[in-house]
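# Structural description and commentary
Next come the chains, spelled out residue by residue.
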Amino acid sequence: METKQNNKVTENLEQKVPPVVKPSPIEVFKKTISGFLGTIKTKILAVPPINKIYVLLKKITKKHVRTVVFGFAAILLVFIILRVLLVNQVVRLNVFDPVPVDKPITGHKPSIYATDPVILEIESKSIEIGEALDSVELKKAELREPGYDFEIDFDK
Amino acid sequence: MNKKSLAVLISFIFVLVYTSTAFSQDNAFDYKKAYNDHVYSLQLYSDAHDQYLIQKDKYLQFETLASKTDAQEATREMLNRRDESLRVYLSALRIKVMETDLLTIETQQDVLSQLDIEISWYETQKNKYLETDSLEDLINKSNETMSRYETHTKLAIYNSLLEVNSAEVLEIRTEQESILIRLEEKLIEIEENKNKNTQKIATWVGDVKIELEQSKAQEELAKTFYYDEKQSYKNVDKRYGGAFDYLELALTSLEKVDGYFKEILQEIKTAD
């Protein structure tokens, strides 16, 4: 009886143990990679500050993300509005009469005679004379006596 | 009016316009063109002179008949170029005298007549160096030109240069004096308005007057130094050199005046 029972158990056991199936190379590769990554992750998370950050990031919810996006958009809008306002201001500045550029007075406040027609005329004449001073024959010496050779001789 | 007479009229107008344009172009020979001619002829002379030196060296080294002929030819060419360059230079100087303002009529006529005599002398001397001339002939003829140059031409050149330079200095000084008068008038107006301190400007105006006086004195000294004796050709180079120095001093004073004007105008245009 006992022998029969033993044989039945053995048969049952043989029937229940699934047949040994060899894993495919891809699965082996996947397992190896995930194991490797898992090890790295564990090691990285073991570092105290990273661990804390990880915990914090895990706490971020959709609400948080929404708040940040809306905040950024609001700042961008304010920036754009300010920029437009400033550009308009510059355009308004350009409307003023241009400052005379012929002789800008730098560092000093112009007097009421700065645009006086007589003074400007004298100034223009003075510039002309300044140019004439540079082009006189005395300076240019275009007509200085040329050095001609008059001593012609064939003596050794 | 028929077609024929219309065509004749148009042709006549065309010819009239063309000839008047061509005539005005001929008349437009000014100092600038004369100066360019002078530079060009001087360059031709310089090239001929270089060639003369080369051929002369060869002749003195080898003393062959061929080298003598070459030296003769190079010498003749150089002498022709030299005399022609001198004539062109005198002509440029003449136009400069004519274009210079503020020369008195007497001075201008005097200087121009001296230059004209010299120009015509070099004109008549043109082509005097002949192909048949020996080296000795060429040297003798060149000596004639040298003598003329020393006794007459040089004097005409320096007289012209002195008068031109002096007149240019005078012209600038006259213009500066007229500016000074206008500035002084304006200063009186500013003082009356009492809206600008003119103390500093008045000091500069005083300096301008001093410099103008100095310029005038230097110019007079230049002429006195140059015409100290009779208008002799002797030592004319030295006399002109001394006069030139005085004129340079006169010009320096005018440059100072120019600087003062700039300061004065800047001061007037700036608020206290």
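The structure we're discussing is the one just above.
Now for a look at the structure at hand. Each chain carries its own residue numbering, running from 1 in the written order of its sequence. The lettering of chains begins at A and the numbering of ligands begins at 1, in the order of writing. For this predicted model, a pLDDT threshold of at least 70 governs which residues receive local features, and a threshold of 80 or more governs which side-chain atom pairs are given and counted, while totals over whole chains, interfaces and linings are taken from all residues. To obtain the side-chain values, all non-hydrogen atoms of the structure were included, while hydrogens and water were left out.

## Observations regarding a nonpolar patch on the surface
Residue and element names in this part refer to chain A. Patches in this entry comprise residues that are over 30% relatively accessible and not in a salt bridge; like charges within 9 Å are linked, as are nonpolar side chains (Val, Leu, Ile, Met, Phe, Trp, Tyr) within 5 Å. Only the protein chains shown count as covering a residue, and every accessible area follows the Shrake-Rupley method with a 1.4 Å probe. A pairing counts as a salt bridge when a side-chain nitrogen of Lys or Arg comes within 4 Å of a carboxyl oxygen of Asp or Glu. Nonpolar side chains collect at one region of the surface, where Phe29, Ile33, Phe36, Leu37, Ile40, Ile44, Val47 and Ile50 lie side by side and expose about 700 Å² of accessible area between them. Segments assigned H or I by DSSP are reported as helices when at least four residues long, segments assigned E as strands when at least two residues long, and all are numbered from the N terminus. Ranked by the residues each element gives to the nonpolar patch, the list is headed by helix H2 (residues 25-45), at 6 residues. Mapped onto the secondary structure, isoleucine 40 falls in helix H2. The class of isoleucine 40 is partly exposed, set by a relative accessible area of 33%. Burial status follows relative accessibility: with a 1.4 Å probe on protein chains alone, a residue under 20% of its type maximum counts as buried, one over 50% as exposed, and anything between as partly exposed.

## Side note on the interface of chain B and chain A
In many analyses, interface size is given as the accessible surface area lost on bringing the parts together. Taken together, the 61 residues of chain B in the interface contact 41 residues of chain A. Taking both sides of the interface into account, the surface hidden between chain B and chain A amounts to around 4,800 Å²; carbon and sulfur atoms contribute 67%. Buried area is calculated as the accessible area (1.4 Å probe) missing from two parts once they are joined, with the contributions of both summed. The three residues of chain B that bury the most area against chain A are B:Arg182, B:Leu265 and B:Lys269, which together make up 15% of that side's buried surface. Linking chain B with chain A are 4 salt bridges, by the criterion used here. For the purposes of these results, a polar contact is taken to be a pair of N or O atoms within 3.5 Å, where, inside protein, one atom must be able to donate a hydrogen and its partner to accept one; residues adjacent in sequence count only when each atom of the pair is a side-chain atom. For the pair chain B and chain A, the number of links is 20 residue pairs in polar contact (both at pLDDT 80 or more). Listed by contribution, the elements that provide at least two residues to the side of chain B that touches chain A are helix H2 (31-62), helix H3 (65-99), helix H5 (135-193) and helix H7 (236-269) of chain B. Here, two residues are considered to be in contact whenever any of their heavy atoms come within 4.5 Å of each other.

## Points about the packing of H2(B) against H3(B)
Residues and elements named next belong to chain B. Axis geometry follows a simple rule: fit a line to the C-alpha atoms, using only the stretch in contact for helices, then measure angles between N-to-C directions, giving values from 0 to 180 degrees. Close contact between H2 and H3 brings their axes to 7 Å; oriented N to C, the two are set at 160°. Classified by the angle their axes make, H2 and H3 are roughly antiparallel. At the point where H2 passes H3, the crossing takes the left-handed sense. Of the residues that constitute the contact of H2 with H3, the class distribution is 17 nonpolar, 8 polar and 9 charged. The labels follow the angle: roughly parallel below 35 degrees, roughly antiparallel above 145, roughly perpendicular from 65 to 115, and oblique for the rest. Crossings are assigned a handedness: left-handed for a near helix turned anticlockwise from the far helix by less than a right angle, right-handed for a clockwise turn. Under the scheme applied, nonpolar residues are Ala, Val, Leu, Ile, Met, Phe, Trp, Tyr, Cys and Pro; charged residues are Asp, Glu, Lys and Arg; polar residues are all the others, including Gly.

## Remarks on the packing of helix H5 (residues 117-134) of chain A against H5(B)
Where H5(A) contacts H5(B), the axes come no closer than 11 Å and their chain directions differ by 160°. The orientation of H5(A) with respect to H5(B), classified from their angle, is roughly antiparallel. In this structure, H5(A) meets H5(B) at a crossing whose hand is left-handed. Here A:Val118, A:Ile119, A:Glu121, A:Ile122, A:Lys125, A:Ser126, A:Ile129, A:Ala132 and A:Leu133 of H5(A) lie close against H5(B), whose contacting residues are B:Ile172, B:Glu175, B:Gln176, B:Ile179, B:Arg182, B:Leu183 and B:Lys186. Across the contact of H5(A) with H5(B), the residue classes break down as 9 nonpolar, 2 polar and 5 charged.

## Observations concerning helix H6 (residues 199-226) of chain B
Residue and element names in this part refer to chain B. Given the number of residues in a helix, its expected span is that number minus one, multiplied by 1.5 Å. Along its 28 residues, H6 runs 41 Å from first to last C-alpha, staying within 8% of the 40 Å computed at 1.5 Å per residue. Every buried residue of H6 is listed here: Ile201, Trp204, Val205, Val208, Glu211, Leu212, Ser215, Gln218, Glu219, Ala222 and Tyr226. On its buried face, H6 sits against H5 and H7.

## Things to note about the pattern of salt bridges
In the structure shown here, the tally under the stated rule is 28 salt bridges over all chains. Here A:Glu142 and A:Lys140 are joined by a salt bridge, their closest N and O atoms 3.6 Å apart. Notably, a salt bridge pairs B:Glu267 with B:Lys196, separated by 3.6 Å at the nearest N-O pair. Of this pair, B:Glu267 sits in helix H7 while B:Lys196 sits in the loop between H5 and H6, and the two are 71 residues apart along the sequence. On the accessibility criterion, B:Glu267 (17% relative accessible area) is buried. According to the relative accessible area criterion, B:Lys196 is buried, its value standing at 7%. Among the charged side chains, a salt-bridge network with shared partners connects B:Lys196, B:Lys200, B:Glu267 and B:Asp272.

## Here's the deal with helix H4 (residues 105-124) of chain B
Residues and elements named next belong to chain B. Across its 20 residues, H4 extends 28 Å between first and last C-alpha, which sits within 8% of the 28 Å expected from 1.5 Å per residue. Along H4, the residues that are buried comprise Gln108, Val111, Leu112, Gln114, Leu115, Glu118, Ile119, Trp121 and Tyr122. Tucked inside the fold, the buried residues of H4 contact H3 and H5.

## Section: the packing of aromatic side chains
Residues and elements named next belong to chain B. Working definition: a ring pair exists when centres of Phe, Tyr or Trp rings (six-membered ring for Trp) sit within 6.5 Å. Plane angles under 30 degrees give stacked, over 60 give edge-to-face, the rest tilted. All chains considered together, the criterion is met by 12 aromatic pairs over all chains. When the centroid spacing of 4.7 Å and the interplanar angle of 25° are considered together, the rings of tyrosine 158 and tyrosine 240 count as stacked. Here tyrosine 240 lies in helix H7 and tyrosine 158 lies in helix H5, a separation of 82 residues in the sequence. Like tyrosine 240, tyrosine 158 is buried. Relative to tyrosine 246, the ring of phenylalanine 225 lies with its centre 6.0 Å away and its plane at 65°, an arrangement referred to as edge-to-face. One end of the pair, phenylalanine 225, is in helix H6; the other, tyrosine 246, is in helix H7, with 21 residues separating them in the sequence. Grouped by ring-pair contacts, the aromatic residues Tyr158, Tyr226, Tyr227, Tyr240 and Phe244 constitute a single cluster.

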